[in-house]
Structure formats: C-alpha cells, structure tokens
Amino acid sequence: MKAKLLFLLMILALASALPAAAETHRLENEALVLTIDKQTLEMTLQSKRTDGTIKSGADASGTSANASWRGFLGATVSLDVCQGTAVNTERLDLLSAQTTIRATAVPGGVDALIDFTEKGQRVKLEIRLEGDSVLLRVPGDGIEEYGETSLCGLYLAPCMGATHFLEKQGYMLVPEAAGAIIAFSDGDGVGNTPYSKRIYGGNVGVDRTVNTTLSRPAEKITMPVYGMAYTDDGLGFLAVVESGGEAAELMAYPAGVITEFNWIGAHFLLREEYIMQTTRTMGLRSRESKAYLRDMAVRFYLLEGDEANYAGMARRYRRALEEVGALKTVDASYRPMISFLGAESEKMLLWDTLVPMTTVGQAIDILQTYLDQGLSAPLVAFRGWESGGLS
C-alpha cells in the first residue's frame, strides 16, 4: 500500500513539473486555420488544402541572438519607446518585457489588450481571419501612454515566416521599383547593413540631407507590400500595409545581418527623430513631442503552389486592389483608326483650286471592305470635308 502511495506521489510530482499546455484561440474558415496563443499572442497560420504552416515569429533560443533580439524575433508586437525627452529608443516585445495580455474572442478573430506595465504603454491589437488572409490592426485610439515613456515606433509580426540561415530555400520580396528579391542567406558576405526604406519615399520635414554622388537616383518604394517565398515548399505570403504606411519603413534583414535569421517587416513611426537647427551649420538630435496616432494595419495573405512566388504575390496584390475598388479593369482592346482625306486645296498662280481626294461614297466602300474582312469597331476620321478642303 505504501509503495502504491509513493508511486502515485511521484507521478503527481512529475506531472506538476511538466509545462502546462498553452491555451489557444482557434479560428478557421474554408481556406485557413489560425491558432493564437492566449499568453503570448504567437500565431500559426495553416492551409487546409496543403497543411503548410507559417508562424508569426521565430524561436531564436540556442542561437547567437541576445535577449532583446530573441524576444523581437518571436514577438507578434514590438514597440520602440524613449524615456522622457531622450532621443535614443529602447525596444520592447511581448516575450521579454513585463506585460499583461487580455485576449478576448470576437466574431472572426481576437481582440487583445497588451499592457507593457513596466514602461506604461497600453496597446489594443485586433486579429482577424478573413478569407485567405489574417489581418493585424492597431486602431488609432487603441494606444494609451500612461507612464513616463513615449511611444516612438511599432511593429506588427515583423518576423512572420522568418527562417534560420538556409533551413529553407527562398527569398524576400521588396517593392523596389517594379519589385526586387533578396535571397535567403547563409550568413556569409552579407555585411552588416539591412535593407531599410520609407514606404512612399522620405519625409523631407525630418530627413537628414546626405550628399552622395550616384550613377543614377535611388529607387523609391511606391507600393506598401512585401513578402516571402519558400521555393522548395511551394509556400509563401504577401504582406500588405493597409493603414499607416504613410509614416512607415520597410526593413529586410538577411541572415548574418545582426542575427541568424532572414526576416522582413514594416516599422510604423510615431515620433520621428530630426535635427533641430541651432546655427546655420549645426543642430541637435531631437524627437517629435507629439505622436502621430493613426490606424496601423498589416494583412498577410497565404500563398500556395504556383502562386507562392513573386509573380503570384503581384497577382494577389492586384486582386486585393480590385476587391476594394482601388484598381478597376478597363477595356484595353485595340481599336484601329482609319483616316480619310476628303479634299485638299492646291495653290495656283492667282487663286487656290480644290482637289477632290476621297468622296463619302468611296469612304463607305472602303470601310465596308475592311468590315467584310473581319475588322470590328474602327475609329474613323473624315477630314477635309469642309469648303476649301483640309488646309
């Protein structure tokens, strides 16, 4: 009896030592299954057709990343804050900062109230599963600063689908000019400078002037999109910055630039740094005192099969624009133009004389010949019909 009791106590002790199973919200529709961890808001997006999955962040434990980067790489939401009037910022994330999260299921998704208690920042995050996409949105009135820090920047799932070195073959899409790709890296020879550009171009009110001589002007980002493709898996995603992109930058880090991961995301700017001029040639680093609060949203479309590439990303973005009425299909069919010259004047010694070129009857006969041979809807111009001819 004592042996059985001792065995039972050992089983209970082992059970209590095991980590508790994560509590999750599970959402699904005809195309996708979305699982959200209630404690961390980590997300897993899964295709019902292929079972392919993409996670909202990367597990950087066991890599060379420090605690700050480990938290950033795995977090669904990260903030940049500064203390009081300081210019330098500190990054906060859901995994390493002191936070409380209250996640509530709503129709079609989850609303989460995230409180960074140590720094006095409170953020409302809305997560929605819609069709072949998941939307992450922070409403403009969903940010509350109640401490001594100021909110300067915000990231929404910046490391969605991040990969470790070349664990997967693929690339990142950046909307440079008509579109460019950055191949996943093994960390060798990539330098230490990431790709970083403002969506829609720079802000002349705060940008520093840099005098450089380039063989051609640098391209601007004109589309609020980015993406990743995993070529061997036939899987990828397209991200569209639906709101707040007018003050945001796109950042792409190949593996080897600071961390061992390939990641790409949008950085929303709320208080920007600028140079406050003190003399004609000198100034002090300063930061805007008033936050630019507005809706900030990123939508992630899951791409599969033949659509999981940069051409598929372009087609999905075009369809997304058509769905909201921002891009309309027009009749681009070619209509040939036929011009007839009715009459022209010819200069003579004392006066001009009229020279007939094409009569109306001849023009009708010519047109009928073309129509009989399959020409449809031509644009017809008959010039020189007035008295005196064309000129």
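Residues numbered from 1 in each chain as written. Predicted model: local features only at pLDDT ≥ 70, side-chain atom pairs only at ≥ 80, totals over all residues. Heavy atoms only, no water.

K.L.:
Could you clarify how one ought to interpret the sheet that holds strand S2 (residues 32-37) in this entry?
P.N.:
Sheets are built from strands that pair by backbone hydrogen bonding, the pairs being arranged parallel or antiparallel. The sheet built from 4 strands is open, its strands ordered S1-S2-S3-S4 with antiparallel pairing. This sheet does not close on itself; its edge strands, each paired only once, are strand S1 (24-28) and strand S4 (53-55). Averaged over neighbouring strand pairs, the angle between their axes works out to 15° when direction is ignored. Bridge analysis of S1 against S2 gives 5 bridges, and the strand direction is antiparallel. Paired with Glu28 across the two strands is Val33, which belongs to S2. (Pairing = 2+ DSSP bridges. Helix = DSSP H or I, 4+ residues; strand = E, 2+ residues; numbered from the N terminus. Axes fitted to C-alpha atoms, helices over the stretch in contact; angles between N-to-C directions.)

K.L.:
Looking at this structure, I do not really get the pattern of salt bridges. What am I missing?
P.N.:
In a structure, side chains of opposite charge can pair up when their charged atoms sit close to one another. Inspection of the entire model under this criterion finds 23 salt bridges. The salt bridge involving Asp111 is made with Arg128; its shortest N-O contact spans 2.9 Å. With Asp111 in strand S8 (residues 109-116) and Arg128 in strand S9 (residues 121-130), this residue pair connects regions lying 17 residues apart in the sequence. In this structure, Arg299 and Glu242 form a salt bridge, with 2.6 Å as the shortest nitrogen-oxygen distance. Within this pair, whereas Arg299 is found in strand S23 (residues 296-304), its partner Glu242 is found in strand S18 (residues 235-243), the two being separated by 57 residues in sequence. Each of Lys124, Glu126, Arg137 and Asp295 takes part in a single network of salt bridges with overlapping partners. (Salt bridge = Lys/Arg side-chain N within 4 Å of Asp/Glu carboxyl O.)

K.L.:
Where do I start with the packing of aromatic side chains in this structure?
P.N.:
Pairs of aromatic rings are described using the distance from one ring centre to the other and the angle between the two planes. Within this structure, the stated rule accounts for 10 aromatic pairs. Considering the side-chain rings of Trp69 and Phe72, the 5.4 Å spacing of their centres and the 85° angle between planes classify their relative orientation as edge-to-face. Placement of both Trp69 and Phe72 in helix H2 (residues 67-74) is noted, with a separation of 3 residues, approximately one turn of the helix. Take Trp69 and Phe72: they sit in the same class, and that class is buried. Relative to Tyr253, the ring of Trp69 has its centre 6.1 Å away and its plane inclined at 55°; by these criteria the two rings are tilted. Of this pair, Trp69 sits in helix H2 while Tyr253 sits in strand S19 (residues 248-253), and the two are 184 residues apart along the sequence. Each member of the pair, Trp69 together with Tyr253, is buried. Through a chain of ring-to-ring contacts, three or more aromatic side chains come together here, namely Trp69, Phe72, Tyr155, Tyr253 and Trp263. (Phe/Tyr/Trp six-rings, centres within 6.5 Å; stacked < 30°, edge-to-face > 60°. Buried < 20%, exposed > 50% of the residue type's maximum accessible area, 1.4 Å probe, protein only.)

K.L.:
Before we go on, may I ask you to explain the environment of Phe300 in this structure?
P.N.:
For Phe300, the position within the fold is in strand S23. Judged by its relative accessible area of 1%, Phe300 is buried. When the C-alpha atoms of Phe300 and Leu45 are compared, they prove to be 9.7 Å apart, with 255 residues separating the residues in sequence. When residues no more than four places from it in sequence are discounted, the contact partners of Phe300 are Asp132, Ser133, Val134, Leu136, Leu156, Ala157, Met160, Tyr226, Phe237, Leu238 and Ala239. (Contact = heavy atoms within 4.5 Å.)

K.L.:
Please explain the pairing of S1 as it appears in this structure.
P.N.:
Looking down a regular strand, the side chains alternate between one sheet face and the other. Alternating positions in S1 separate cleanly, His25 and Leu27 being buried on one face and Thr24, Arg26 and Glu28 remaining unburied on the opposite face. Between S1 and S2, which pair antiparallel and follow one another directly, the connecting turn spans 3 residues.

K.L.:
I'm lost on helix H3 (residues 310-323) in this one. Help?
P.N.:
An α-helical turn contains 3.6 residues, so a residue and the one three or four places further along point in the same direction. With 14 residues, H3 should reach 20 Å at 1.5 Å per residue; the first-to-last C-alpha distance of 20 Å fits that figure. Every buried residue of H3 is listed here: Gly312, Met313, Arg316, Tyr317 and Ala320. Looking straight down H3, one finds that the buried residues subtend no more than 135° of arc, so they occupy a single side. Here the buried face of H3 lies against strand S14 (170-174), strand S17 (225-230), S18 and S23. Two or three places before Ala311, at the start of H3, stands the capping residue Asn309, its side-chain oxygen 3.1 Å from that residue's backbone nitrogen. Where H3 terminates, the next one or two residues include Gly325, which has phi positive at roughly 80°. (Expected span 1.5 Å × (residues − 1). Arc of directions from axis to C-beta. Polar contact = N/O pair within 3.5 Å; in protein donor to acceptor, adjacent residues only side chain to side chain.)

K.L.:
What should I look at first to understand the nonpolar core in this one?
P.N.:
Inside soluble globular proteins, nonpolar side chains tend to come together where they are buried. Counting residues in each nonpolar core, the largest one holds 56 residues, and the members touching the most others are Tyr226 and Phe300. Apart from residues lying up to four places away in sequence, Tyr226 is in contact with Leu173, Phe237, Leu238, Ala239, Val241, Leu250, Ile264, Gly265, Ala266, Val298 and Phe300. If you look at the next biggest cluster of nonpolar residues, it comprises 14 residues, including Ala58, Ala65, Tyr253 and Trp263. (Core = buried A, V, L, I, M, F, W, Y, C linked by side-chain atoms within 4.5 Å.)

K.L.:
Is there a simple way to think about the pairing of S18 in this case?
P.N.:
For S18, a buried count of 7 out of 9 residues is recorded, marking the element as mostly surrounded by other parts of the structure. Judged from the 6 bridges that link them, S17 and S18 form a sheet pairing that is antiparallel. When the sheet's bridge partners are listed, Gly227 is paired in S18 with Leu238. Taking the residues that link successive antiparallel strands as the turn, the S17-S18 hairpin has 4 residues, and the phi of Gly234 there is positive, at about 60°.

K.L.:
What is the right way to look at the environment of Glu322 in this model?
P.N.:
As for its placement among the helices and strands, Glu322 is situated in helix H3. When neighbours within four sequence positions are excluded, Glu322 is seen to be in contact with Leu327 and Thr329.

K.L.:
Where do I start with a nonpolar patch on the surface in this structure?
P.N.:
The grouping of Met348, Leu349, Leu350 and Trp351 at the surface amounts to a nonpolar patch, some 580 Å² of accessible area in total. Inspection of the secondary structure puts Met348 in the loop between strand S25 (343-347) and strand S26 (352-356). Assessed through its relative accessible area of 46%, Met348 is described here as partly exposed. (Patch = residues over 30% accessible without salt bridge, like charges linked within 9 Å, V, L, I, M, F, W, Y side chains within 5 Å. Areas by Shrake-Rupley, 256 points an atom, 1.4 Å probe, with all protein chains shown as cover.)

K.L.:
Sorry if this is basic, but what is going on with the side chain of Arg294 here?
P.N.:
Within the secondary structure, Arg294 sits in the loop between strand S22 (283-287) and S23. Buried Arg294, no salt bridge; nearest opposite-charge side chain is Glu246, N-O distance 4.0 Å. Within polar-contact distance, the side chain of Arg294 engages the backbone oxygen of Gly244 at 2.9 Å. Polar side-chain contacts of Arg294 include one of 2.6 Å to the backbone oxygen of Ala247. The contacts of Arg294, once residues within four sequence positions are left out, are Val138, Pro139, Gly140, Gly244, Glu246, Ala247, Ala248, Phe268, Leu269 and Leu270. (Lys, Arg positive; Asp, Glu negative; His and termini not counted.)

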